[in-house]
Amino acid sequence: YQLYYQDIRDLRGLQEIFRKHKIDAVIHLAALAGVRPSIENPLEYQAVNITGSMNLWEVCREFKVNKFICASSSSVYGNNEKIPFSEDDVVDHPISPYAATKKSVEILGHVYHSLYNIDMIQLRFFTVYGPRQRPDLAIHKFTKLISENKQIPYFGDGTTARDYTFVEDTIQGIMNAIQYVEKHQNVYEIINLGENEVITLDKMLSTIEENLGKKAIKKNLPMQPGDVQKTNANISKARQLINYEPKTNFENGIKIFVEWFLRNGNSVEKK
């Protein structure tokens, strides 16, 4: 396979790729991610996440590609009071520009499904981690700083919690989703992809410490704007519709991640 690196804001560049190749389906994972950076650069997030997604749907419409998987995010739930989060919960109250762009992409995706018969599944990812995780995310950042005997930024009192999802489980969900849209017509679905397990910040840190065999040096900081208190996925729809079944619990996932990091994490970051 030939790899292309294409900015999704560039409509003509996308058209050229679709023109050169017979494309049957699109798995759209491209985005600017991150809650805190989106507060600093909201217009860039709008340009990449919203306009970029629309560019992809426009070329799908033009070249008659009607099978589409799209990455959404658990951030759309905001500080949802109902736990666990279900796909039919009202998500009209995002608390970061990033979350707002992801909600917008879900809505616009439905427009293209309705007008142009693009079969589509929007997958709400819940804090994906594992080997090759982005270095700016907490698990990777904490592991690196602890290993270097440096302070870690510790936001809040440790009770914030996330539904961490191991990367291989997320990949399983993506592959099952594309198989589903390939076999079915008139599809528009929103599906949670999580582990259905809630891990507090305190628990996340202690698990990393245990696997590294080192204690963290904490720099206690207040909660940051845009951060949610808790995420937790109801994955019953994913199980029923696309046979999604996560297999890696948090303790094993952190063990795998730390082993990867100790082998080559630093060398990957330096490239």
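Residues numbered from 1 in each chain as written. Predicted model: local features only at pLDDT ≥ 70, side-chain atom pairs only at ≥ 80, totals over all residues. Heavy atoms only, no water.

(A) Just the pattern of salt bridges, in detail. Inspection of the entire model under this criterion finds 15 salt bridges. Where Arg 61 meets Glu 58, a salt bridge forms, and the shortest distance between an N and an O atom there is 2.6 Å. Remark: Glu 58 and Arg 61 occur in helix 3 (residues 42-63); sequence separation between them is 3 residues, near one turn of the helix. Residue classification places Arg 61 among the partly exposed residues on the basis of a relative accessible area of 36%. A salt bridge links Glu 148 to Lys 150, with the nearest nitrogen and oxygen atoms 3.2 Å apart. On the accessibility criterion, Glu 148 (27% relative accessible area) is partly exposed. Connected via shared salt-bridge partners are Lys 144, Glu 148 and Lys 150. (Salt bridge = Lys/Arg side-chain N within 4 Å of Asp/Glu carboxyl O. Helix = DSSP H or I, 4+ residues; strand = E, 2+ residues; numbered from the N terminus. Buried < 20%, exposed > 50% of the residue type's maximum accessible area, 1.4 Å probe, protein only.)

(B) A look at the side chain of Ser 73. Among the secondary structure elements, Ser 73 is positioned in strand 2 (residues 67-73). In contact with Ser 73, other than residues within four places in its own chain, are Tyr 98, Lys 102, Leu 123, Arg 124 and Phe 125. (Contact = heavy atoms within 4.5 Å.)

(C) Unusual backbone geometry, seen in detail. The omega torsion of the bond from Ile 83 to Pro 84 falls at -5°, within 30 degrees of zero and hence cis. For Pro 84, the position within the fold is in the loop between strand 2 and helix 4 (97-116). Of note in the backbone geometry, Asn 149 takes a positive phi value of approximately 60° without being a glycine. Summarising the element assignment, Asn 149 is placed in the loop between helix 5 (138-147) and strand 5 (151-155). Relative accessible area serves as the criterion here: at 54%, Asn 149 is assigned to the exposed category.

(D) Summary view of the environment of Thr 159. When you line up the elements, Thr 159 lands in the loop between strand 5 and strand 6 (161-162). The exposure class assigned to Thr 159 is partly exposed, which follows from its relative accessible area of 44%. Residues Thr 159 and Gln 229, 70 residues apart in the sequence, show an inter-C-alpha distance of 8.0 Å. At 2.6 Å, the side chain of Thr 159 and the side chain of Asp 157 are in polar contact. A distance of 3.4 Å separates polar atoms of two side chains, one belonging to Thr 159 and the other to Gln 229. (Polar contact = N/O pair within 3.5 Å; in protein donor to acceptor, adjacent residues only side chain to side chain.)

(E) Highlighting the state of the cysteines. A complete count under the given rule lists 0 disulfides for this structure. Between Cys 60, a cysteine without a disulfide, and Cys 70, which holds the nearest cysteine sulfur, the sulfur-to-sulfur distance is 10 Å. Owing to a relative accessible area of 1%, Cys 70 belongs among the buried residues under this scheme. (Disulfide = S-S within 2.5 Å.)

(F) Spotlight on the environment of Ile 235. Tracing the backbone shows Ile 235 in the loop between strand 10 (217-221) and helix 8 (236-242). Residues Ile 235 and Glu 197, spaced 38 residues apart in sequence, show a C-alpha to C-alpha distance of 10 Å. In contact with Ile 235, not counting residues within four places along its chain, are Asn 192, Gly 194, Glu 195, Asn 196, Tyr 244 and Pro 246.

(G) Representation of the nonpolar core within the structure. Formed by 23 residues in total, the largest nonpolar core has its most connected members in Ile 69, Ile 121, Leu 123, Leu 193 and Ile 242. When residues of this core are traced back to their parent elements, those giving at least two are strand 2, strand 3 (119-125), helix 6 (167-183), strand 8 (188-193) and helix 8. Counting residues per element, this core draws most heavily on helix 6, at 5 residues. Beyond its immediate sequence surroundings of up to four residues, Ile 69 is in contact with Val 26, Ile 27, His 28, Ile 121, Leu 123, Ala 177, Ile 178 and Val 181. (Core = buried A, V, L, I, M, F, W, Y, C linked by side-chain atoms within 4.5 Å.)

(H) Focus on the side chain of Lys 103. Relative to the elements of secondary structure, Lys 103 occurs in helix 4. In this structure the side chain of Lys 103 is engaged in a polar contact, spanning 2.7 Å, whose partner is the side chain of Asp 92. Beyond its immediate chain neighbours, meaning those up to four positions away, Lys 103 contacts Val 76, Val 91 and Asp 92.

(I) Structural context of the packing of aromatic side chains. Here the structure, examined in full by the defined rule, presents 14 aromatic pairs. Relative to Phe 63, the ring of Phe 18 lies with its centre 5.9 Å away and its plane at 40°, an arrangement referred to as tilted. With Phe 18 in helix 1 (residues 11-20) and Phe 63 in helix 3, the pair connects residues that are 45 residues apart, well separated along the chain. Look at Phe 63 and you get partly exposed, because its relative accessible area is 27%. An aromatic cluster is present here, built from Trp 57, Phe 68, Tyr 112 and Tyr 116 joined pairwise through their rings. The aromatic ring of Tyr 116 is capped on one face by Arg 61, whose charged end is 5.5 Å from the ring centroid. The ring centre of Tyr 77 lies 4.8 Å from the NZ or CZ of Arg 124, which sits over that ring. (Phe/Tyr/Trp six-rings, centres within 6.5 Å; stacked < 30°, edge-to-face > 60°. Lys NZ or Arg CZ within 6 Å of the ring centre and 35° of its normal.)

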